[in-house]
Amino acid sequence: MKAQMFLAALVVIILAGAGRAEVNIDGFLQGLYGGRLDNTNPTATEFTASESRLQLRLEQVGEKNEVFGRLDFTYDAADSARFDVELREAYLKTRLGDNFDLKIGRQVLTWGTGDLIFINDVFAKDYQSFFVGRDDQYLKAPQNALRAEYYGSVGSLALIWTPRFEPNRLPDGRTLSYFNPFVGQIVGQGYDASVPLPPAQFKNGEIAARFSRQVGGFNTALYAYHGFYKNPMGAMMTAGGPMPIFPRLNVYGASLRGQVLGGIVWLEGGYFDSRQDQCGANPLLPNASATAMLGFERQVATNLTVNGQWQAEAMMEYDRYKTGQASLGGYVRDEISHLLTTRITQLLHSELVTLSAFVFYSPSDEDLYARLYAGYKYTDEVAFAVGANIFDGQNQAANFGQFQKNDNVYIKVTFNY
Amino acid sequence: MKRLITTAVLALMALAVTHAIASAQDATEVMKKSHMAYYYAANDAVYEVTMHLFDKKGGERTREFTMLRLDKEDGGDQKYYTYFRQPSDVARLSFMVHKNATGNDQRWIYVPSVDLVKPISADDKNSSFVGSDFTYEDVSGRRWTEDNHKLLPESQLDGKAVFVVESTPLKPYKGFAKRISYIDQTTHIPLKSEYFDDKGEVVRVEKAVKIEDIGGFPTVTSRSMESLKKGSRTVVDFTGTKYNVGLKDDFFTERYLKTPPREYVK
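Residues numbered from 1 in each chain as written. Chains lettered and ligands numbered in written order. Predicted model: local features only at pLDDT ≥ 70, side-chain atom pairs only at ≥ 80, totals over all residues. Heavy atoms only, no water.

*Asks:* Looking at this structure, how should I read the overall build of chain B?
*Replies:* Along its length, chain B carries 3 helices and 13 strands. Each principal axis of the C-alpha distribution contributes one length, and for chain B these read about 85 × 40 × 35 Å. Buried residues in chain B amount to 53% of all 266 residues. Expressed as a percentage of contacts within chain B between residues at least 6 apart in sequence, the contacts between residues at least 24 apart total 46%. Only carbon and sulfur atoms are counted for the fraction: they give 55% of the accessible area of chain B, which is about 12300 Å². For chain B, the centre of its 40 positive side-chain charges and the centre of its 38 negative side-chain charges are spaced 2 Å apart. (Helix = DSSP H or I, 4+ residues; strand = E, 2+ residues; numbered from the N terminus. Buried < 20%, exposed > 50% of the residue type's maximum accessible area, 1.4 Å probe, protein only. Contact = heavy atoms within 4.5 Å. Areas by Shrake-Rupley, 256 points an atom, 1.4 Å probe, with all protein chains shown as cover. Lys, Arg positive; Asp, Glu negative; His and termini not counted. Charge placed at Lys NZ, Arg CZ, Asp CG, Glu CD.)

Here it is in structure tokens:
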């Protein structure tokens, strides 16, 4: 918190100090209020969100350089009256010569082809925000990173180094409940959900790389990642019992995306190399897995867009996993786990009204997550939205099944300035 | 006598057919020249654009953006780049179109708040451009080869001599069933276009509100589109238009989609 305040102040000073050049300032003021629908939810509060947010964006651009800052001030009444400041972004972007771009600082990172599902995008996500109705931009959590990209005639090569590991932000029981494997049930507040980060050492940084190239009408890419699972997927035994950890991970993958049949098709695959348990012998650590995804999106009528995705994840050394889970008495997933998603977006009334539904459904885990949204842009400044997040599942330890008590509806009012 | 009449009728018919063909050729030539003058002036262009969207109650919304255009060849493929400034909820968002003159366009959007580059399925050129009364096709032009053209009697509009051309789509098209264009005989700039639906009613009317000479190219610097059924209207003002500035092909790639060429996009 202190560090963030300091960084925030620093950004303001740098931008203000830039003096001569013009600084663009804009942002928004937003109220988000949501309540859970399930009375049996073990969370401390009935509100899934009750927050006021001021986002301040500062930007200064020159011919070769660009400085950008995004600061969020929030007051959260759902979460024991907390005032918070978060530096969402603060970076310097610069062009070095004709072929080289550099982006240094706190930034949001995205690549890959999926729509809200990710294989080679091993950058930090914020599922807590995602599940309570915050704007789409909050699904991505920022990372402090250095991004270098080279653009050549054969293609472009991007390298991203994140010196300090940045994990996903997950429901922690305060406003959303989750499945705690150490307790064996869905829990709310009162359980320590914090997981120790890998020590701040040079070798514990994250490195992500992408090589991409246009081949005909298709954008193709190769990816590599060296770091850790972004969720605390593993545990290690300590004197005080098992302790959750972020196991080491490498990912290798490829993707392809282009125009086919009047729509967009995408195909992506990746191999998750669980570096601390490559042979799947340790039941406390995740097994390696291979994941593939296929998606297609098309505008089926004016202002009506529909897409669908299918993802299959195959676990390596499944028999060992099964034996291990049996010994722990945990949930046993399928060897090949399937996930189907669909998004339907309808724009109405000169694109001022957006109706959208996104459904994740896993026939393997027998669980689903539906995101429903209706938004209205009343003026250029004022926008209203209502939405719902609905979870269901047969198993409380499964991906979405664990959030089954978190069904919520929300209302959001935004004033853009 | 009978033979004479037959011959005369045949001759007249032949004349009429020849005239119709000539007229169709003239009409097509007019539409081609108009397309060139309107959408292909110079080899590249930079526009500062302000769009005013008026709803039927008179409420106004504005969109401000910079637009870059690069032609591969006159009348052929083009590339467009759009960088939004206003309203603030879409500020810094950029949008790119690779227009394929004879096939499907390719479109991409970059959403900076999530660092997301996304191709958009561009099957429907008839959908609205940023919620305005203009469609994507209005922005980058409908190729003259997609319609049948017929010259109607010449006329005057705003004190200028105009060709009047009636166009009907070769293939059934939901954008319009018929269009009548009023084209300046000297500059070939379309001064007015009326779009009819299949019931023969005018549904949209486009007008060139202001035309200026920029670097020797007659340029529409203010353009309006009225949707008669919806009761809405959009006025687009172009300021600081520059031609032949030397835009690079590179500017229309993912690299510049994510960081605009600041020489032209301040």
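Structure shown, so let's carry the discussion forward.
*Asks:* Explain the interface of chain B and chain A here, please?
*Replies:* Where interface size is given, it is often the accessible area lost as the parts come together that is meant. The interface is formed by 39 residues belonging to chain B together with 49 residues belonging to chain A. Carbon and sulfur atoms make up 37% of the area that chain B and chain A hide from each other, which totals about 3800 Å². Looking at the side of chain B facing chain A, the largest losses of area belong to Arg61(B), Arg92(B) and Arg255(B), adding up to 21% of the total buried there. Taken together, the connections running from chain B to chain A amount to 10 salt bridges. (Buried area = accessible area lost by both parts, 1.4 Å probe. Salt bridge = Lys/Arg side-chain N within 4 Å of Asp/Glu carboxyl O.)

*Asks:* Would you take a moment to explain the pattern of salt bridges for this structure?
*Replies:* Pairs can form between side chains of opposite charge whenever their charged atoms are close. With the rule as written, the count across this model stands at 45 salt bridges over all chains. A salt bridge links Arg92(B) to Glu59(A); the nearest nitrogen and oxygen atoms lie 3.1 Å apart. With Arg92(B) in the loop between β3 (78-86) and β4 (94-99) and Glu59(A) in strand β2 (residues 47-61), this residue pair bridges two chains. This pair shows no difference in class: Arg92(B) is buried, exactly as Glu59(A) is. One salt bridge connects Asp147(B) with Arg142(B), and the closest N-O pair in it is separated by 2.8 Å.

*Asks:* Sorry if this is basic, but what is going on with the pairing of β3(B) here?
*Replies:* Along any regular strand, the residues point their side chains to alternate faces of the sheet. Residues and elements named next belong to chain B. Here strand β2 (residues 60-71) pairs with β3 via 8 bridges, running antiparallel. Directly across from methionine 67, in β3, lies its bridge partner threonine 82. Taken together, β2 and the strand that follows it, β3, pair antiparallel across an intervening segment of 6 residues, in which glycine 75 is found at a positive phi of about 80°. As paired elements, β3 and β4 share 6 bridges and run antiparallel to each other. In the sheet register, tyrosine 81 faces β4, and the bridge partner there is methionine 96. (Pairing = 2+ DSSP bridges.)

*Asks:* Explanation requested: the packing of aromatic side chains in the structure shown.
*Replies:* A ring pair, where both rings are aromatic, is described by two values, the distance of the centres and the angle of the planes. Within this structure, the stated rule accounts for 34 aromatic pairs over all chains. Ring pairs connect the aromatic residues Tyr127(A), Phe130(A), Phe131(A), Phe358(A), Phe360(A), Tyr369(A), Phe391(A), Phe400(A) and Phe403(A), which therefore count as one cluster. Of note, Arg371(A) hangs over the ring of Phe130(A), and the distance from its end group to the ring centre comes to 3.7 Å. Its guanidinium or amino end placed over the ring of Tyr182(B), Lys192(B) lies 5.2 Å from that ring's centre, counting from NZ or CZ. (Phe/Tyr/Trp six-rings, centres within 6.5 Å; stacked < 30°, edge-to-face > 60°. Lys NZ or Arg CZ within 6 Å of the ring centre and 35° of its normal.)

*Asks:* Can you help me understand the side chain of Ser50(A) in this one?
*Replies:* All names here are of chain A. Structurally, the position occupied by serine 50 is in strand β2. A relative accessible area of 14% places serine 50 in the buried class. Ignoring sequence-local partners within four residues, the contact set of serine 50 consists of Leu32, Tyr33, Tyr75, Asp76, Ala77 and Ala78.

*Asks:* Whenever I open this one, the environment of Ile104(A) confuses me. Can you help?
*Replies:* Residue and element names in this part refer to chain A. Checked against the element boundaries, isoleucine 104 lands in strand β5 (residues 100-107). The partly exposed category is assigned to isoleucine 104, whose relative accessible area is 36%. In the structure, isoleucine 104 is positioned 66 residues away from aspartate 38 in sequence and 44 Å away in space, judged by C-alpha atoms. Residue contacts for isoleucine 104: discarding those within four places in its chain leaves Ala90, Tyr91, Leu92, Ala145 and Leu146.

*Asks:* Would you mind going over the environment of Arg61(B) with me for this structure?
*Replies:* Inspection of the secondary structure assignment puts Arg61(B) in strand β2. Residue classification places Arg61(B) among the buried positions, given a relative accessible area of 10%. Each C-alpha atom, one on Arg61(B) and one on Thr234(B), is 9.5 Å from the other, the two residues being 173 residues apart in sequence. Apart from residues no more than four positions distant in its own chain, Arg61(B) is found in contact with Leu352(A), Lys377(A), Tyr378(A), Thr379(A), Asp380(A), Met51(B), His52(B) and Leu53(B).

*Asks:* Even after reading the chapter, I still don't get unusual backbone geometry, so can you show me in this structure?
*Replies:* Apart from glycine, the bulk of residues carry a negative phi angle, and the bulk of peptide bonds sit in the trans form. All names here are of chain B. Residue proline 87 follows glutamine 86 across a cis peptide bond; omega there is -5°. Counting through the fold element by element, proline 87 comes out in the loop between β3 and β4. Positive phi values are uncommon outside glycine, yet valine 130 reaches one of about 45°. Along the chain, valine 130 falls in the loop between β6 (116-120) and α2 (136-140).

*Asks:* Got a minute to help me understand empty space enclosed by the protein in this structure?
*Replies:* To find leftover empty space, one rolls a probe the size of a water molecule over the atoms. Residues and elements named next belong to chain B. Under the criterion given, the structure shown has 8 cavities of 30 Å³ or more. Together, 22 residues line the second largest cavity, and Tyr38, Tyr47, Val139, Arg223 and Phe238 are the ones closest to its centre. A per-class count over the lining of the second largest cavity returns 19 nonpolar, 1 polar and 2 charged. (1 Å grid on protein atoms, 1.4 Å probe; cavity = no way out; pocket = protein on both sides within 12 Å on 5 of 7 lines; lining within 4 Å. Points joined across faces, edges and corners; volume = space filled by probe spheres on them. Nonpolar A, V, L, I, M, F, W, Y, C, P; charged D, E, K, R; others polar.)

*Asks:* Looking at this model, I keep getting lost on the pairing of strand β4 (residues 82-96) of chain A. Mind explaining?
*Replies:* All names here are of chain A. Sheet topology note: the strand β3 (residues 65-76)/β4 ladder contains 12 bridges and is antiparallel. When the bridges of β4 are listed, tyrosine 75 appears paired with phenylalanine 83. As paired elements, β4 and β5 share 7 bridges and run antiparallel to each other. Note that in β5 the partner of leucine 96 across the bridge is phenylalanine 100. Connecting β4 to the antiparallel partner β5 that follows it, the hairpin turn spans 3 residues, and glycine 97 within it adopts a positive phi of roughly 70°.

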